[in-house]
Amino acid sequence: MKKERMDMTLKNGEIWYDTQGNVLHAHGGHILLHEGVYYWYGENRLEDIYVSCYSSTDLVHWTFLNHVLTMRSPARENRVRGDLKLTNQNGGRVNIERPKVLYNEKTKQFVMWMHYENGTDYSCAAAAVATCDTPAGDFVYHGSFRPYGHMSRDCTLFADSDRAYFLSASRDNADMHMYLLQEDYQNVEKLSGAFWSNEYREAPALVKKDGAYYIFSSFCTGWAPNQCKYGRTDCLEKGFGLLRKVGDETTYHSQPAFILTVAGTETTSYIYVGDRWDGRDYHNSRYVWFPLVFHEDGSAKIIHCSEIEIDAVTGRMEWVECER
Ligand code: DGJ
């Protein structure tokens, strides 16, 4: 279905289209700001595609750039990990979820981490890595693995001022693990934290504000939405303390994908980007972008709104708040 997108408002839960009028598929994704351009990477399960990439400078009009990871993606030549194939034993699809991309200044590489499964029962529970020397080129697949043998499902990446981290749900989702990445971001260097033991958190999304780190996550209920909770810390390696509820019991019918920081000329805004999954028809899943407000006392609030307008230059946002 094709449609023109005319105005500057993002309407939560509606079908979003790219600038060519095609449905925008970037589920469970991540936005990377690089040299003034926002790149939105996310899952696309149509045909032989795994990850698609779109770009925007205004955060509203998204131009499709490339299917950056597909069943035909090139594999890294020098074999460093077990599987270098993005197909199953029958030549069919594997399952790639929650792709996240960081830019590595030292290697000048764009590095993607993701959740990899080669069946439908989620028993593979592995992470996978791919790299590219341009933001939206054909990423080269490096293979999948379990970090230090640990199960690894829902995941995210986070770049701090000096180092970067990969976080993923481990031990059948019971624990959240945080791995310090090697300097090139292409492998883990150490397990630097295991927290929320037996809390079964999925969909981690991390953001830093004024020196404090906040991590948002969901509980495990398949495609059905549940209560988002967050933790806060001043030091990543100390863990995130107690989980606190944010939003309502379904997080306004969404699950965290990532937190977008918009640092403008007038202010810095934070946006909770969530997936509104359609469990019966995955391709019909939608997005919600909600303002995320941090209070002086360290608490966070997700504002439930039906639409949002973001000025990517000034950083200001406006929204139409929902009554409940
Ligand atoms: C919840 C996860 O967060 C999603 O990425 C996906 O794996 C679904 N579960 C599958 O049920």
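All of the points below concern the structure found in this document.

Conventions adopted
- Residues numbered from 1 in each chain as written.
- Predicted model: local features only at pLDDT ≥ 70, side-chain atom pairs only at ≥ 80, totals over all residues.
- Heavy atoms only, no water.
- Helix = DSSP H or I, 4+ residues; strand = E, 2+ residues; numbered from the N terminus.
- Rg over C-alpha atoms; globule rule 2.2 N^0.38 Å.
- Buried < 20%, exposed > 50% of the residue type's maximum accessible area, 1.4 Å probe, protein only.
- Contact = heavy atoms within 4.5 Å.
- Areas by Shrake-Rupley, 256 points an atom, 1.4 Å probe, with all protein chains shown as cover.
- Lys, Arg positive; Asp, Glu negative; His and termini not counted.
- Charge placed at Lys NZ, Arg CZ, Asp CG, Glu CD.
- Pairing = 2+ DSSP bridges.
- Axes fitted to C-alpha atoms, helices over the stretch in contact; angles between N-to-C directions.

What follows is about the overall build of the chain. A tally of helices and strands in the chain yields zero helices and 23 strands. By the compact-globule yardstick of 20 Å for 324 residues, the chain fits well, its C-alpha radius of gyration being 18 Å. The burial tally for the chain puts 59% of its 324 residues in the buried class. If you take every contact in the chain between residues at least 6 apart in sequence, the share linking residues at least 24 apart comes to 46%. A total of about 13,800 Å² of accessible surface is found on the chain, and carbon and sulfur atoms cover 47% of it. For the chain, the distance from the average position of its 34 positive side-chain charges to the average position of its 44 negative side-chain charges is 4 Å.

A few words on the sheet that holds strand β12 (residues 175-181). Strand pairing in a sheet is mediated by backbone hydrogen bonds. Such pairs are either parallel or antiparallel. With antiparallel pairing, the four strands of this open sheet are ordered in space as β10-β11-β12-β13. Each edge of the open sheet carries a strand with a single partner, namely β10 (155-159) and β13 (188-195). In this sheet, neighbouring strand axes are inclined to one another by 25° on average, regardless of whether the strands run parallel or antiparallel. With five bridges connecting them, β10 and strand β11 (residues 164-170) associate as antiparallel partners. In the sheet register, Thr156 faces β11, and the bridge partner there is Leu167.

Right, let's get into the pairing of strand β22 (residues 305-310). Relative to β22, strand β1 (residues 10-11) runs antiparallel, the two being bridged by two bridges. Of the residues in β22, the one forming a bridge with Leu10 is Ile308. Strand direction decides the pairing type here: β22 and strand β23 (residues 317-321), joined by five bridges, are antiparallel. Opposite Glu307, over in β23, you have Val320 as the bridge partner. Counting the residues that bridge the hairpin from β22 to β23 gives six residues, and of these Gly315 lies at a positive phi of roughly 90°.

Keep in mind these numbers describe shape, not what the thing actually does.
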